[in-house]
Amino acid sequence: MTTPIVLSLGELLWDMLPSGKRAGGAPVNFAYHAMKNGTEGWAISAVGEDELGDELIAKANEAGINTVIQRNAWPTSTVEVALKNGIPEYTIVKGVAWDHILYTRQLIDVVSKADAVCFGTLALRSPESHATITELLKHTKPGAMKFFDINLRGDHYSKDLIEELLKAATVFKINDEELLLLRDMFDIRGTSGEDASRWFIEEFGLDYVILTAGSAYSTIISRKGEVSTLDTPHVEVNDTVGAGDSFSGTFTARILLGDTLAEAHRKAVNTAAYVCTQAGAWPQYPAEMPDYLAEIGK
């Protein structure tokens, strides 16, 4: 079996944490954890022609992520991250390099080889990157997983954008807070988490919907009717930056490598729990990932 290629489209940035700056960006976090779970991780983004951009590319390469990073005259993205009990709050600056990703033959070639592509709403907030990413999604190969992690931030989204990306996706990941907003947006108020997930599967022809509820639980539902629900292990939290992305990247990698939904879900939960015990979104993995679910008898 050839090693699956997992590709992220979108923001690459510095998370400016109280402890200092750390490389991040939801799509690239996804690619990192997909890579750490047995796939070839790639990231498409843009950084500035500045020292922060140089450092960011070096950090991604050092982490083992293959990159196709454009350089432009806009500044490299930084995001102020305030932690409240380990939970991040983000202040995201507009007019940065990844708002201006150019549509090129090189990007088309990379996308056309991917077995899975991850994208979210944030990187499509600008007309230029919006046009590039939506066009690139049309060049995925037949059967490629198209993973839409909605990742709502500030005012960088709209119903039209969410619908557009849902129509392009095969997998949709949301958290419980985002689902509250989407219930109103799509007029599916009063539905349970599972019923709302099934509505999105039917309405948009999705293969999977992943619903995470922070420290409580996560549920994955497939088009085939499979359902996996697991409690979230309680760990000593360092910070939760990138935990959701680590869940997504792990799940994607393990499905591509042939795990069942239940097996992939279990590994995703354990990875996310581990990331919560570490600082930043790209921690080194231990020789053997702890089985936090076994500790709670799951």
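Residues numbered from 1 in each chain as written. Predicted model: local features only at pLDDT ≥ 70, side-chain atom pairs only at ≥ 80, totals over all residues. Heavy atoms only, no water.

- By the naming in an unreviewed UniProt entry, the protein is Carbohydrate kinase, taken from Bifidobacterium longum subsp. suis.

**Concerning the packing of aromatic side chains**
- Applying the stated criterion across every chain, the model contains 14 aromatic pairs.
- Between Phe-119 and Phe-148 the ring centres are 5.7 Å apart and the planes differ by 5°, which places this aromatic pair in the stacked class. In this pair, Phe-119 is assigned in strand β8 (residues 116-119) and Phe-148 in strand β9 (residues 145-149), connecting sequence segments 29 residues apart.
- You can call Phe-148 buried: its relative accessible area is 0%.
- Consider the rings of Trp-199 and Phe-200, whose centres lie 5.0 Å apart with planes at 85°: the pair is edge-to-face.
- What makes Trp-199 partly exposed here is its relative accessible area of 26%.
- Judged by relative accessible area, which is 0%, Phe-200 ranks as buried.
- Across the ring face of Trp-14, the terminal group of Lys-21 is positioned such that the distance to the ring centre comes to 5.0 Å. (Phe/Tyr/Trp six-rings, centres within 6.5 Å; stacked < 30°, edge-to-face > 60°. Helix = DSSP H or I, 4+ residues; strand = E, 2+ residues; numbered from the N terminus. Buried < 20%, exposed > 50% of the residue type's maximum accessible area, 1.4 Å probe, protein only. Lys NZ or Arg CZ within 6 Å of the ring centre and 35° of its normal.)

**Quick word on empty space enclosed by the protein**
- Inspection of the entire model under this criterion finds one cavity of 30 Å³ or more.
- Lining of the largest cavity is provided by Glu-11, Ala-26, Pro-27, Phe-30, Cys-118, Phe-119, Gly-120, Thr-121, Leu-122, Asp-149, Asn-151 and Asp-245.
- Counting only elements with at least two residues in the lining of the largest cavity, the list comes to α1 (26-36) and β8.
- Per element, the largest residue contribution to the lining of the largest cavity is three residues, and it comes from α1.
- For the lining of the largest cavity, the class distribution of residues is six nonpolar, three polar and three charged. (1 Å grid on protein atoms, 1.4 Å probe; cavity = no way out; pocket = protein on both sides within 12 Å on 5 of 7 lines; lining within 4 Å. Points joined across faces, edges and corners; volume = space filled by probe spheres on them. Nonpolar A, V, L, I, M, F, W, Y, C, P; charged D, E, K, R; others polar.)

**So, the environment of Gly-280**
- Its place among the elements puts Gly-280 in the loop between α9 (261-276) and α10 (292-295).
- On the accessibility criterion, Gly-280 (2% relative accessible area) is buried.
- Measuring from C-alpha to C-alpha, the distance between Gly-280 and Thr-229 comes to 26 Å, with 51 residues separating the pair along the chain.
- Other than its neighbours up to four places away in sequence, Gly-280 contacts Arg-22, Asp-239, Val-241 and Val-275. (Contact = heavy atoms within 4.5 Å.)

**Some thoughts on the pattern of salt bridges**
- Within the structure shown, the criterion is met by 13 salt bridges.
- Notably, a salt bridge pairs Asp-115 with Lys-141, separated by 2.9 Å at the nearest N-O pair. Residue Asp-115 is found in the loop between α3 (105-113) and β8, and its partner Lys-141 is found in the loop between α4 (127-137) and β9; the two are separated by 26 residues along the sequence.
- Assessed through its relative accessible area of 30%, Lys-141 is described here as partly exposed.
- Of the charged contacts in the structure, one is a salt bridge between Asp-291 and Arg-266, with a shortest N-O distance of 3.2 Å. Here Arg-266 lies in helix α9 and Asp-291 lies in the loop between α9 and α10, a separation of 25 residues in the sequence.
- For Asp-291, a relative accessible area of 33% gives the class partly exposed.
- On the basis of relative accessibility, which here comes to 26%, the residue Arg-266 falls in the partly exposed class. (Salt bridge = Lys/Arg side-chain N within 4 Å of Asp/Glu carboxyl O.)

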